[in-house]
Amino acid sequence: MHPHLQRQLEQLGLVGESPLPTAEQWQLLLEQVSCSYDRVQSQQKLQQEDCFNLETVALKDLTDSPQSPQDSPTASEFDRLRASVNSLGAGLCILDAKGCVISVNPEAEHLLGWRESELAGVSLLERIGKQKKGNKSQVLTAPQQSPSKTEDATIAPTLDLPEAIASSQPCNNWDDEFLCRDGKMLPVSYFFHPAVEGSEISVLVFFDIFDIREHKQSLSILQAVLKSTDAGILAVDKNGNICNYNQKFLEMWGLSASQGKLSRSTLDTLKNTIKTGFPFDREQLKYPQRFLQNVIKVLADSDIQISELLEFKNGKILELNSLPSKVGAKTVGRVWSFRDVTEVKKIEESLQYRIEFAQLIARLSTHFISQPLSEIDKGIAQTLEAIATLSGFDRSYIYLLSEDKTRADKTYEWCGESISAVKDSTEKQIDIAQIPWLAEKLDRAECLYIPEIGELPPPAKAEIAYFIGQKLAEFQTDSPSKTVNQTATALIPSMGASLNNLELKKQLKNIQSLIIIPLICSKNLVGFLGFDGLKQTAGRATEISTQLKMVGEMLANVLERKRAEAALRQSETKYRSIFENAVEGIFQTTPTGHYLSANSALARIYGYESCTQMLAELTDINRQLYVNPKQRAEFVAQLGRSRQVSKFESQIYRRDGSTIWISENARSICDENGSVLYYEGTVQDITDRKQTESAMQLALEAAESANRAKSTFLANMSHELRTPLNAIIGYSEMLQEEAEELGSCESVSDLEKICSAGKHLLSLIDDILDISKIEAGRMDLYLESFDIHNLIESAVATARPLVEKNGNTLEVYCPDNLHTMHADMTKVRQVLLNLLSNAAKFTQNGRIAIGVERIKNEQLKMKNQEESSQILISNSEFLSFRVADTGIGMTQEQLERVFQPFTQADASTTREYGGTGLGLAISQRFCQMMGGSIEVSSSLGAGTTFTVLLPSAIKQPEIPNKVHDSTSPPDAPAVGTVLVVDDDPISRDLIQRTLSRQGLHIEVAGSGEQALRLAKQLRPDAITLDVIMPGMDGWAVLSALKADPDLAEIPVILLSFVGNKSLGFALGASDYLTKPVDGKRLAALLNKYRRDQDGVASNNLTCQILIVEDDVATREILRCVLETQGWAVTEADSGRAALDRLKVARPHLILLDLMLPEMDGFELIGEIRKSHSGDPIPIVVITGKNLTPAESQQLNGYVDRVLQKGVYSCDTLLRDVRSIVNERLDRRYDSKGKENTNG
Amino acid sequence: MAKILLVEDNEMNRDMLSRRLARKGHEVFIAVDGAEGVSMAMAKVPDLILMDMSLPVLDGWQATQQIKAAPETKSIPVIALTAHAMAGDREKCLAAGCDDYDTKPVEFPRLLSKIETLLKEAMK
């Protein structure tokens, strides 16, 4: 604040804050100041006039007095006057008629700077007025009024002083300047009074008005501020009279004014109303009563400050501040200031609205997220209400589109109070085809805001009418009433209001505005959200379209969630139903063996009354459920391997303790890290099936046993028949020889008959055995490549004597270029011999021919296609063998039965021609087995022709069970199969690897049971059998093998390293370690030996150990470990070195690396065992594990060498295996031929 | 000619075969069971053994194994002579250590040729 102003304010007693904080306060201050000055001025004026009157009288007395100066009363009176003049607070000059100074008082001296003596006799005007500029302009016309009477604030100067002096006219001037002695201009107001009643003396009284002038300037600034401020200001004095106001005030209150001045009538009204305490037109206000209360408060307490927002009916909002204006502590009046805050309030309100809206959305969305499905409907209803209420709509609703999007159903609606009457008028369902315009907008995801439905183009309006179910005519096409309303409201507020209400009532039923927001979920329009307003431009939609869109999205999501959850619940219900009603038991279990869930079917299967009961009682599946305690572990292990198990069969205990069989299908459910969360699967009660199966198994076993019995019977029969036949044939032959020697021809022929009968009986036995084997499917093919020419030759050679016996000739047609065929030679030969012998038998003095040819006819039809289907024919090349005779031939009837067993063409034939009647049956079976056929053509008396067709290369049919054969080369019949039975995987692995390198095919079995199964399946050429095995041991396996006629023939090698089970033991070592050596295991192992050596150790201080290891680093490590364990270590870097050390001193224990230079570990063991056979030194073998391929190769090399050079047991094993297998392979083919030729 | 041990429990066959072998000029020793066969083999050290398989006391397979296990007798050729003529019987006999195999009823010339072959081999 300007210091000058500050000072003035202080003088006025208005000490306020500096600077003032607000415009209002400034305004107020100005008002106060203005008032103060006005007041001061008027007071001053009165004072001056009083003073002047006083002075004039006094001076008159004074000027009169010199006429009688000696008169003492007069003199004293003069003095008194003189004193009063001197003490006067204004400058006073007494002039003569010419305007020369007679006297001045001290105050005048003080103000002008002239001494009385210096001025005396001088024309006053010369001293004080001559240089004044523009003074003339201030000399105005004489005032209309006497200044003394003027109460008005505007005071006009009267005559110019010089003129006044000259004309002896009184004059006054409220704003003039006198020249001071020091040349400064002194602002003054003066009053000049010429001499009264003809007196020569005139008086000039003047005041220093420097301060006042300053005040006036300030005041004019303040007035300008007052005028230019945007606040409406009204200042009244304490009596309620209007002191000041500005144009704005008038405008704000709608008061008429002309040229910034209130019209007289308005002013009067205003004055009156103010005086009566009602200075304002309260009818304009929305809440006049409240304002009235404030006014009353002001009247009651003049010091009160009031702030209020005045809301006008036309929407205008004024901020009212009413403050008392004070001079000092005294209240002198009141300033009412009004500020138009309509816009601010609008903005504020809008802002507030948006905030509220945002908060609402936030609250709703949070609400929806956390809300359960059941609460969603309620939540949506609340949302509709909340948003509509907040936004000023009367109705809100949601339509959801049907699946085919042809119609929309109203699913939610909220109606405000004003609309409840028409609630039912809205259709519940909308046909989308009826609202193409609307639908298109919604499809484009546009929000549709229609502030005035009436202003829409007709088609759209019709759609909306349909949409909201309202008659078209009900919309206002234009709004004359609205204009009227506004005018009326403005002019006659009370009337306008009542009219407005009337209109409102009339419109109440009609929706006039609406906003429709598409509900879009996953880019699909699922429905729409609508808000209807009864009033035009209802609601605040435009301000919040974005937010409404958000609401739309939120609701769409919520609805989608609801839909999804409903679908989920439905499918849950469905699955729950499946789960509950399934025949199969369904479970979820933890890896630790607890149920997470199970269905009632499972409870039923397990014999529980309910699922709950089962879950409560069956708490540890591992131990409670399975009959075999290891079963669950196996289940888990299988799941661990392959994540799922199927048909996992187990015997389990039911609740009552009975056992049933179940089959489980399960899979493990893992989290994203792959760790198992739980298992889930199904359980089937397969007890019935199991029983059936076991019945079947029993039946099968019975059948097998019957079959075995049959085989045994046949074998026994064969044996028992052969034994006496041996004697018969033998003795008859012997006697024949003797008879020949003795020359008794008669007995020779008789003996021949006995011998022949015996041999016939023998062939009969052989044929019967053959046919039974074929029937039992146990006849095997031994396929090989052989020269056809040789085959024919050998067959002809055998048959020739027979042929020639009946006087027949034999013709052979065998081209040279036939080369080889791949078939079972023995069987082909047997077939040909059979045919030739038949031909010979039934032909007398005729011709018998045998011919062979190669046929490449692809269309060759196989008669017995079905039976031969198991044979794979690699090409279409066939060999045709033909045996023709000129014998007795056969009838058609005979031909039909010729291949049936035990049938000859005629029952009499047997008597006449002999034979078993099995030959052709067997031949046919053999041909079929080889993928070929045999055919006969004959007519009675015209001879017979048999044709045999065989593929030139027969492939071995695949034996279905022999799935393990993949490693053996297909066309290498020389590869033998060895079944290695050992429960120790390391031993198994080593034997397997070693034998594989020998060119043998290896199958392994880890248990006796498995061994028997594989033996049956694979029929291996040899079995190596570990004696010590858990469960079924080697001896049991052996006896089972020998008891089975099918398996009895398989040679078995027992690995009887009794008490020692690992490879190390097999090699004659006491123990073994794998590399890299585990320190703990080594220590534990060595401690064992140390305990064993305790007796020795107590005599000697330390135990001696010999490390045989070529690798320096390993040796060092071992030494360190051992020495800390208290062993005395000696080292050897090779087998030789080790033997040298052993010669010097005998250690308590040898630690041996198998892979050594020069002499390897195996050899070394052999040497040590040889030289220390009486009292063996324990040897711990260190073998490599996890070898690199190169190391593996190397180790295999070593193992090879070991086998060749021979550590006893290992070498023996391998030798035995190899030789047995080889022998077996060699003899198999050989024996087949021989066996069959036996017949 | 040769010393042949015939191990055979069937009296008729024993008689027949021994006589027929004798007629061919062989010196024939007789054993009626496996155990006797083993001991006769030890005692007589024949040039060849004809071994029936189904024998009392000790069967032919075991007897053969013992004979083949004993250093004194292991070089003597053994021919299994058996009415067990089913498939696999031959292998069983060979596995037991027999050098050859022939079936009953004996086809004498074939047996003689086998005997001859083995004797020739043993001579080498």
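Read on for an overview of the structure. Quick caveat: nothing in here was measured; it's all calculated off a predicted structure.

**Comments concerning the pairing of strand E19 (residues 585-589) of chain A**
All names here are of chain A. Where burial is concerned, the two faces of E19 differ: the one with Gly585, Phe587 and Thr589 is buried and the one with Ile586 and Gln588 is not. Judged from the 5 bridges that link them, E19 and strand E23 (residues 676-685) form a sheet pairing that is antiparallel. Bridging across to E23, Ile586 finds its partner in Thr682. Pairing of E19 with strand E20 (residues 595-598), which is carried by 3 bridges, proceeds in the antiparallel orientation.

**With respect to the pairing of strand E18 (residues 524-533) of chain A**
All names here are of chain A. For E18, a buried count of 8 out of 10 residues is recorded, marking the element as mostly surrounded by other parts of the structure. For strand E13 (residues 395-401) and E18, the ladder comprises 6 bridges, and the chain directions are antiparallel. What sits directly across from Tyr397, in E18, is Gly530. Pairing analysis gives 9 bridges linking strand E17 (residues 513-521) to E18, with the strands arranged antiparallel. Each bridged residue has a counterpart across the sheet, and for Leu514 the counterpart in E18 is Asp532. The loop that links E17 with its antiparallel partner E18 comprises 2 residues; one of these, Ser522, has a positive phi angle of about 50°.

**Here we look at the sheet that holds strand E14 (residues 407-415) of chain A**
Residue and element names in this part refer to chain A. Taken in spatial order, the 6 strands make up an open sheet running E15-E14-E13-E18-E17-E16, and their pairing is antiparallel. Edge positions in the sheet fall to strand E15 (429-431) and strand E16 (448-450), since each has one partner strand and no second. Across the sheet, the mean angle from the axis of one strand to that of its neighbour is 20°, orientation sign disregarded. For E14 and E15, the ladder comprises 3 bridges, and the chain directions are antiparallel. Among the inter-strand pairings, Asp409 is bridged to a residue of E15, identified as Gln429.

**Digging into the pattern of salt bridges**
When the charged atoms of two side chains lie near each other, side chains of opposite charge can form a pair. In total, this model carries 38 salt bridges over all chains according to the counting rule given. The shortest N-O distance in the salt bridge between Glu733 of chain A and Lys759 of chain A comes to 3.4 Å. With a gap of 26 residues between them, Glu733 of chain A in helix H23 (residues 687-742) and Lys759 of chain A in helix H24 (residues 745-775) connect regions that are remote in the sequence. Note on Glu733 of chain A: relative accessible area 11%, which makes it buried. When its relative accessible area of 43% is taken as the criterion, Lys759 of chain A is described as partly exposed. Residue Glu116 of chain B pairs with Lys120 of chain B through a salt bridge whose shortest N-O separation is 3.9 Å. A residue pair is termed a helical-turn pair when its members lie 3 or 4 positions apart in one helix, as Glu116 of chain B and Lys120 of chain B do in helix H5 (residues 108-123) at 4 residues. Judged by relative accessible area, Glu116 of chain B falls into the partly exposed class, the value being 48%. Take Lys120 of chain B: its relative accessible area is 54%, and that puts it in the exposed class. A single salt-bridge network, built from bridges that share partners, covers Glu733, Glu737, Glu738, Glu741 and Lys759 of chain A together with Arg20 and Arg23 of chain B.

What counts, and where the lines are drawn
Residues numbered from 1 in each chain as written. Chains lettered and ligands numbered in written order. Predicted model: local features only at pLDDT ≥ 70, side-chain atom pairs only at ≥ 80, totals over all residues. Heavy atoms only, no water. Buried < 20%, exposed > 50% of the residue type's maximum accessible area, 1.4 Å probe, protein only. Helix = DSSP H or I, 4+ residues; strand = E, 2+ residues; numbered from the N terminus. Pairing = 2+ DSSP bridges. Axes fitted to C-alpha atoms, helices over the stretch in contact; angles between N-to-C directions. Salt bridge = Lys/Arg side-chain N within 4 Å of Asp/Glu carboxyl O.

The values reported here are purely geometric and, on their own, carry no functional implication.
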